[in-house]
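Residue-level listing of the chains:
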Amino acid sequence: MSDAVNAEAAGAEPSRANGSPNVEAVLDVLRHSEPLPEDALGAALAAPDLFAPALVEAIERFIGDTEADAAEAQLVFFAFHVLAEMRWTAAFPTLARLLRIDRRRLDAVFGDAIGETASQVMLAAFGGDADPLRGVVEDENADGFARGAALAALAALAASGQLDREDEARYLEALASTLRAGPGDYAWAGWADAVALLGLDRLAPLVKTVLRDKMPVLEIGRALYDFGDFEYLSRQVKTADSIDAALARERLVPWTDTIGVFRTWYGFSEEYLRKKRETAAAPLVPDEEPSLDELDELERFLDAMEPAINPHRHTGRNDPCPCGSGKKFKACCLARP
C-alpha cells in the first residue's frame, strides 16, 4: 500500500489542489505506517521550509504530553531524523530536550536506536551552541545512552574543530567528579569514549579509576565498558589516517540518507513486519503450573549441562552486533541482560 493510499485511508488528501504536499496528511502517514513510509519521508525532505516547523512542533508537543501514544512516538522518531537530514539547526535545542525525557518515553520513541543515531543527528543539526548538548550530559534523570550520545557528539565537534578542544578537555576532566550518574550507568562509558576520541592521554589514569569504581562486572563476565575498551578506542584514534577517518569509523558523522539507512534496518523489513503480525494474531496460551515429574526432569537436565560460555566474549563493543541488527554491539545485545 503506498503512502498516498495510506493518507487517503486516513481521511486526508496527500496533496493540495496546487500540487503542494498536505502537511497533516503526510504527518499522519508518518504516525501510522507500518512499512517504512518512504514517500512521506521523501515529501518532507523535499520541502523543508514547509515541513520543518510542523515536525519541530510535533516533537515539542510530545515532550510536553506524558500521555502521548505510540503513533505520536513514531512520528517523533521520524521527525528527529528528518530534521537532522534537513540540517534544520533551529531544531537543535528541541532535539536536545527530547533526549532528556524519561527513559520509558525515550524507549517508546527510539528503542535500541538511541545509542546508534542520536550522536549523528545532533552533529547534523548543530548550529554553534553546545549548551543544549551539555544539558543532556548533566541531566541526572536522562537516559544513560542519551547522555553517552551527547558526550560523543561533543567530542566529535571538538575533534573536528567546531568546538574548542581545550575547553572540552577541561569539561571532561571536571565531569569525572561532577557527573551525576550511578554505577553501571552508560554515561560513564560515553565519558570515557569522549576522552579517548580527543586523545587525552593525560586523563588515562583518571579514566581507569573512574571505570573501576563506576562500571561493575556484569553476569556475562565483563563490565558493560572497561578500561580495555578505552585503550582500544584510544589506539584506534591514534592509528587512524586522520581524525575524520577515526570519527567515521565510530559513525560519529552528521546524519544523512534517512530513507536509505532505514531500508537496511531489520525493524522495517518484511520479515519483521510479518512476524509482528503473526505474533499479534496468535492466540494466548494460559500459563500452566509444571508437574512434579516435569520439575524433576528439568532438574536432571540442568545438572547435566556443561558450564555456560559467553558467546560474545570475543566481540568488541564497537563491532557489528552478532544478532544481525546492523547496530553496534554496545548499542544492542551488550546492553541487554
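In this numbering scheme, every chain counts its residues from 1 along its sequence in written order. Only residues with pLDDT of at least 70 get local features here, since the model is predicted, and only at 80 or more are side-chain atom pairs given and counted; chain-wide, interface and lining totals rely on the full set of residues. Each side-chain value is derived from all of the structure's non-hydrogen atoms; neither hydrogens nor water enter the calculation.

### Looking at helix α2 (residues 23-32)
Line of reasoning, step 1. Exposed residues in this analysis have more than 50% of their type's maximum accessible area, buried residues have under 20%, and partly exposed residues fall in between, with area computed by a 1.4 Å probe over protein chains only. Segments assigned H or I by DSSP are reported as helices when at least four residues long, segments assigned E as strands when at least two residues long, and all are numbered from the N terminus. Within α2, seven of the ten residues are buried, which leaves it mostly tucked inside the rest of the structure.
Line of reasoning, step 2. We define a polar contact as two N or O atoms separated by no more than 3.5 Å, with the added condition that, inside protein, one atom must be a possible hydrogen donor and the other a possible acceptor, whereas residues neighbouring each other in sequence contribute only through side-chain atom pairs. With a side-chain oxygen lying 3.2 Å from the backbone nitrogen of Glu24, the N-terminal cap of α2 falls on Asn22.

### Considering the confidence of the model for the chain
Line of reasoning, step 1. Of the residues in the chain, 81% have a pLDDT of 70 or more, and the chain-wide mean is 86.
Line of reasoning, step 2. Ignoring residues within four places in sequence, the model shows residues 1-12, a span with pLDDT below 50, making 19 contacts including any to other chains.
Line of reasoning, step 3. The quantity called pLDDT is the predictor's confidence in a given residue, expressed from 0 to 100. Whether two residues touch is decided by their heavy atoms; if any such pair falls within 4.5 Å, the residues are in contact. Note that residues 305-314 has pLDDT below 50 and, in this model, four contacts with residues that lie over four places away or in other chains.

### Here we look at the packing of aromatic side chains
Line of reasoning, step 1. Ring pairs shown here join Phe, Tyr and Trp side chains whose ring centres sit within 6.5 Å, with only the six-membered ring taken for Trp; geometry is labelled stacked below 30 degrees between planes, edge-to-face above 60, and tilted in between. On inspection of all chains with the given rule, the structure shows 15 aromatic pairs.
Line of reasoning, step 2. Each ring, one from Phe145 and one from Tyr186, has its centre 4.3 Å from the other, and the planes form 10 degrees; the classification is stacked. Of the two residues, Phe145 is situated in helix α10 (residues 144-159) and Tyr186 in helix α12 (residues 186-197); the sequence distance between them amounts to 41 residues.
Line of reasoning, step 3. Within the aromatic cluster, the residues linked to one another by ring pairs are Phe77, Phe78, Phe80, Phe110, Trp255, Phe262, Trp265 and Phe268.
Line of reasoning, step 4. Between Arg105 and the ring centre of Phe62, over which it is positioned, the NZ or CZ distance is 4.7 Å.
Line of reasoning, step 5. We call a charge positioned above a ring when the Lys NZ or Arg CZ atom is no farther than 6 Å from the ring centre and deviates by at most 35 degrees from the ring normal. One cation-aromatic arrangement involves Arg134 over Tyr171; the distance from NZ or CZ to the ring centre is 5.5 Å.

### Considerations on the packing of helix α5 (residues 70-85) against helix α8 (residues 114-125)
Line of reasoning, step 1. Between α5 and α8, the least distance of the axes is 8 Å, while the angle of their chain directions is 40 degrees. Our classification of the angle between α5 and α8 gives oblique. The handedness of the crossing between α5 and α8 is left-handed. Seen from α5, the contacting residues are Phe80, His81 and Ala84; seen from α8, they are Thr117, Ala118, Val121, Met122 and Ala124. Simply put, an axis is a line fit to the C-alpha atoms, just over the touching stretch for a helix, and the angle between two N-to-C directions goes from 0 to 180 degrees. Should an angle fall under 35 degrees it is taken as roughly parallel, and over 145 as roughly antiparallel, whereas 65 to 115 is taken as roughly perpendicular and any remaining angle as oblique. Note on convention: near helix rotated counterclockwise from far helix by under a right angle means a left-handed crossing. Clockwise means right-handed.

### Describing the side chain of Arg105
Line of reasoning, step 1. One can find Arg105 in helix α7 (residues 103-110).
Line of reasoning, step 2. One buried charge, Arg105, has no salt-bridge partner; the nearest side chain with opposite charge is Asp102, at 4.3 Å.
Line of reasoning, step 3. A polar atom in the side chain of Arg105 sits 2.2 Å from the backbone oxygen of Phe62.
Line of reasoning, step 4. Separated by 3.5 Å, the side chain of Arg105 and the backbone oxygen of Ile63 make a polar contact.
Line of reasoning, step 5. Look past the residues within four positions of Arg105 in its chain and what remains in contact with it is Phe62, Ile63, Asp65 and Thr66. His is not counted, nor are the chain ends; Lys and Arg add positive charge and Asp and Glu add negative charge. Counted as salt bridges are all cases of a side-chain nitrogen of Lys or Arg within 4 Å of a carboxyl oxygen of Asp or Glu.

### What about unusual backbone geometry?
Line of reasoning, step 1. Even without glycine at this site, Arg87 takes up a positive phi of about 60 degrees.
Line of reasoning, step 2. The backbone phi angle of Arg251 is positive, close to 60 degrees, even though this residue is not glycine.
Line of reasoning, step 3. On the secondary structure map, Arg251 appears in the loop between α15 (243-249) and α16 (258-263).

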